[in-house]
Amino acid sequence: MNDDAEPSAVPSSADFARRVLEWYDRQGRHDLPWQCPATPYRVWISEIMLQQTRVETVRGYFDRFMQRFPDVATLAAADIDEVLGLWSGLGYYARARNLHHAARCIATDHGGEVPDDPHALTALPGIGRSTAGAILSLGHGRHHAILDGNVKRVLARHAGIEGWPVRAPVQRALWAVAEERTPAERTAAYNQAMMDLGAMVCLRRPICDACPVSTDCSARRAGRTADIPAPKPKREIPRRETIALVIQRSEDGAILLERRPPSGIWGGLWSLPEFADDAELNAWLATRLGEVEPEPLAPVEHAFTHFRLCIHPRRVLLAGIIDGAREGADTGWYLPEDAPGGLPAPIRRLADRLGGSPHTADLPGINPQVG
Ligand code: SF4
């Protein structure tokens, strides 16, 4: 298989289109509501409804929409609440708002006729390059390629185009193949055929034995139909770092805890004092304890849903008792097991690691105060 986004095993475009069209004539869908008749307006509405929605779901919505808004003028004149009401249940309501907005633009700027120019179409709200291609080819009878989700799957597999189809280089490779293979004759039928092939045969689990272009399909020959097109990559989980201060008393092993702010992670829980970096920690220690050298401990990792937290503990062992309060914060001395409400899980793990009675250091000049 070739490198990322590079096609391989490109057959003759004419031969590819011929086989796809022959299959379409025998087994494609010819009686969809928006095909009878396939006006630019009806194609446009259907294409928007079909985004992220199955054909069977769209049928009823399309019929009701057309009864109420049979043309651009009635849609443009309608109240948005009525448009949204007819959209209710289809989801992705931005599509309906864009349709309504675009209808008003078409009424104002294009004399109520759905444009037959790709630039004018893609300038309208909610119309991208593939939707414009569908309107131009299926509605206006022009020679334009399409590249919706179904077509991407067929072309990525057949031409062996690796990578996640949303990535720009992969998109470019797919568009290049789509444009090369879209025939000038019977463009509308070919585009509908490609959509049907993706929806009926080249499924997520493809039925390759029923496919008219299986003999030279790259993914099938390589046994990689499960890998192409590549799925959306898993998101990199961001990582945050923090310094946590463990001040531990020698007399009883209690540690200084602070109540966290009510919002944010561990909102309202008691935990160790935290610092953005060692400079901030050392400045705090200098004011409170004078010259002390905190001991770095092994980091503690914790995974949240949206990020990983790496806690770098620094420990100070005290021979006496200190006034450890940070101004304006709730603070107190607690044995880890006695922390009010319990400690956050990674702080609990850290406390367990500290063990029982600590080795102590003498730190003179500390004010006694027990929280
Ligand atoms: S042979 Fe299989 S994987 Fe290849 S295009 Fe046809 S259905 Fe899709």
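Being a predicted model, the structure only gives us computed values, none of them experimental.

1. Focus: the overall build of the protein chain
- In terms of helices and strands, the protein chain carries 14 helices and eight strands.
- Here the protein chain holds 371 residues, and the buried ones make up 47% of them.
- Put simply, of all contacts in the protein chain between residues at least 6 apart along the chain, 69% involve residues at least 24 apart.
- Within the structure as shown, the protein chain displays about 18,200 Å² of accessible surface, and the carbon and sulfur contribution to it stands at 50%.

2. Concerning the confidence of the model for the protein chain
- Summarising the model, the protein chain shows a mean pLDDT of 88, and 89% of its residues fall at 70 or more.
- pLDDT under 50 marks residues 1-9. Its contacts with residues more than four places away, or in other chains, come to 35 contacts.
- Considering only residues more than four positions removed or in separate chains, one finds that residues 324-328, a stretch of pLDDT under 50, has 12 contacts.

3. Some words on the site of the ligand
- Taken together, R157, V201, C202, P206, C208, C211, S214, C217 and T225 make up all the residues around the ligand.
- If you map the ligand onto the pockets, it falls in the largest cavity.
- Considered class by class, the residues forming the shell around the ligand number six nonpolar, two polar and one charged.

4. Focus: the pattern of salt bridges
- Inspection of every chain in the model, using the stated rule, returns 23 salt bridges.
- The residue R315 makes a salt bridge to E295 at a minimum N-O spacing of 3.4 Å. Of the two residues, R315 sits in strand 7 (residues 308-318) while E295 sits in strand 5 (residues 295-296), which places them 20 residues apart along the sequence.
- A salt bridge links D352 to R348; the shortest N-O distance between them is 2.8 Å. Of this pair, D352 and R348 both sit in helix 14 (residues 345-354), four residues apart, which is roughly one turn of that helix.

5. Re helix 8 (residues 129-139)
- Taking burial as the measure, the 11 residues of helix 8 include 10 buried ones, the bulk of the element.
- Buried within helix 8 are the following residues: S130, T131, A132, G133, A134, I135, L136, S137, L138 and G139.
- On its buried side, helix 8 packs onto helix 2 (40-50), helix 7 (118-122), helix 10 (168-181) and helix 11 (187-200).

6. Examining empty space enclosed by the protein
- Enumeration according to the criterion identifies two cavities of 30 Å³ or more in this entry.
- Counted as a void, the largest cavity has a volume near 100 Å³.
- Lining of the largest cavity is provided by 14 residues; of these, R157, C202, C208, C211 and C217 occupy positions nearest its centre.
- A per-element tally of the lining of the largest cavity places helix 9 (residues 149-159) first, with three residues.
- Its residues assigned to classes, the lining of the largest cavity comprises nine nonpolar, three polar and two charged.
- There is about 30 Å³ of room inside the second largest cavity.
- Lining the second largest cavity are I146, V151, L155, A178, T182, Y190, N191 and M194.
- Among the elements that take part in the lining of the second largest cavity, helix 11 stands out by supplying three residues, more than any other.

7. Concerning the nonpolar core
- With 70 residues, the main nonpolar core has Y41, W44, I45, M49, F65 and L155 as its most contacted residues.
- Core analysis: the second largest hydrophobic core is formed by 18 residues, V246, L297, L309 and L354 among them.

8. Observations concerning the layout of surface pockets
- One number sums up the size of the largest pocket: a volume of about 830 Å³.
- As for the largest pocket, its lining consists of 27 residues, and the residues nearest its centre are L50, Q52, D148, G149 and N150.
- Secondary structure elements with two or more residues in the lining of the largest pocket: helix 2, helix 3 (55-68), helix 8, helix 9 and helix 11.
- Its residues assigned to classes, the lining of the largest pocket shows nine nonpolar, 10 polar and eight charged.
- Its volume calculated, the second largest pocket comes out at about 360 Å³.
- Taken together, 15 residues form the lining of the second largest pocket, with R153, P165, P229, A230 and P231 sitting closest to its centre.
- Across the lining of the second largest pocket, the residue classes break down as eight nonpolar, two polar and five charged.

Conventions used here
- Residues numbered from 1 in each chain as written.
- Predicted model: local features only at pLDDT ≥ 70, side-chain atom pairs only at ≥ 80, totals over all residues.
- Heavy atoms only, no water.
- Helix = DSSP H or I, 4+ residues; strand = E, 2+ residues; numbered from the N terminus.
- Buried < 20%, exposed > 50% of the residue type's maximum accessible area, 1.4 Å probe, protein only.
- Contact = heavy atoms within 4.5 Å.
- Areas by Shrake-Rupley, 256 points an atom, 1.4 Å probe, with all protein chains shown as cover.
- pLDDT = per-residue confidence, 0-100.
- Near = heavy atom within 4 Å.
- 1 Å grid on protein atoms, 1.4 Å probe; cavity = no way out; pocket = protein on both sides within 12 Å on 5 of 7 lines; lining within 4 Å.
- Sits in = over half its atoms within 2 Å of the grid points.
- Nonpolar A, V, L, I, M, F, W, Y, C, P; charged D, E, K, R; others polar.
- Salt bridge = Lys/Arg side-chain N within 4 Å of Asp/Glu carboxyl O.
- Points joined across faces, edges and corners; volume = space filled by probe spheres on them.
- Core = buried A, V, L, I, M, F, W, Y, C linked by side-chain atoms within 4.5 Å.

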